[in-house]
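Observations on the three-dimensional arrangement
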Amino acid sequence: MNSRFTMVVAVHLILIKDKKILLSRRFNTGYEDGNFSVPAGHVEKGESCLNAMIREAKEEIDVEIKSNNLLLAHVMHRKTDRERIDFFFECKEWAGTPKINEKDKCDLLKWFEIGSFPHNTVPYVREAVTLFLNNEKYSEMGF
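Residues numbered from 1 in each chain as written. Predicted model: local features only at pLDDT ≥ 70, side-chain atom pairs only at ≥ 80, totals over all residues. Heavy atoms only, no water.

1. Examining the pairing of strand β6 (residues 83-91)
- Burial of β6 is extensive: 7 of the 9 residues sit out of reach of the surface.
- Bridge count for strand β1 (residues 8-17) against β6 is 8 bridges, and the pairing is parallel. Bridge assignment links Leu13 to a residue of β6, and that residue is Phe89.
- What sits between strand β5 (residues 70-79) and β6 in their antiparallel hairpin is a turn of 3 residues. (Buried < 20%, exposed > 50% of the residue type's maximum accessible area, 1.4 Å probe, protein only. Helix = DSSP H or I, 4+ residues; strand = E, 2+ residues; numbered from the N terminus. Pairing = 2+ DSSP bridges.)

2. Some points on helix α2 (residues 123-133)
- The complete set of buried residues in α2 reads Tyr124, Val125, Ala128, Val129, Leu131 and Phe132. Down the axis of α2, the buried side of the element spans an arc of 160°, and every buried residue falls inside it.
- Lining the buried residues of α2 we find β1, β2 (20-26), β3 (36-37), β5, β6 and β8 (138-141).
- Just downstream of α2 lies Asn135, where phi reads positive at about 60°. (Arc of directions from axis to C-beta. Contact = heavy atoms within 4.5 Å.)

3. Structural notes on helix α1 (residues 49-61)
- Taking 1.5 Å of rise per residue, the 13 residues of α1 would be expected to cover 18 Å, and the 18 Å separating its terminal C-alpha atoms lies within 8% of that figure.
- Taken together, the buried residues of α1 touch β1, β2, β4 (40-42), β5, β6 and β7 (106-113).
- Looking at the residues trailing α1, positive phi occurs at Asp62, about 60°. (Expected span 1.5 Å × (residues − 1).)

4. Points about the nonpolar core
- Ranked by size, the top nonpolar core spans 17 residues in total, and within it Ile14, Ile21, Leu23, Val38, Phe88 and Val129 carry the most contacts.
- Elements supplying a minimum of two residues to this core: β1, β2, β5 and α2.
- If one sorts the elements of this core by residue count, α2 sits on top with 5 residues.
- Every residue in contact with Ile14, bar those within four places of it in the chain, is listed here: Ile21, Ala73, Phe88, Phe89, Glu90, Cys91, Val129 and Phe132.
- Core analysis: the second largest hydrophobic core is formed by 15 residues, Val11, Ile61, Ile65 and Leu109 among them. (Core = buried A, V, L, I, M, F, W, Y, C linked by side-chain atoms within 4.5 Å.)

Structure (structure tokens):
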């Protein structure tokens, strides 16, 4: 019997405030360490993308988000070692002040001018956020 094809599903948070975007520098994760990304994480079994984004925001940067404040910003289908689907959500309203909540995975949290990404930004994240800023809702990478 053939098993069905599956993809890794991840959610990414685009927080924008005063024309700046919040980026976190990955640390000690084994993936893109030393590079900037937006707060993100994998969707767990039985969890919706919105609930995963709410959970990850609380776990990673200690902010509380309501599902009605999350807007789908961009979807990227990418092929690396596996096929992945990445959902990027924009949030303009949240409770709390972002802070590093997982010091074993992130060593810097900083607001950057939109469009002025650090040179060491994770390439697919830079691409997806740039496309979002250009109102492009879907992209593919690595095919």
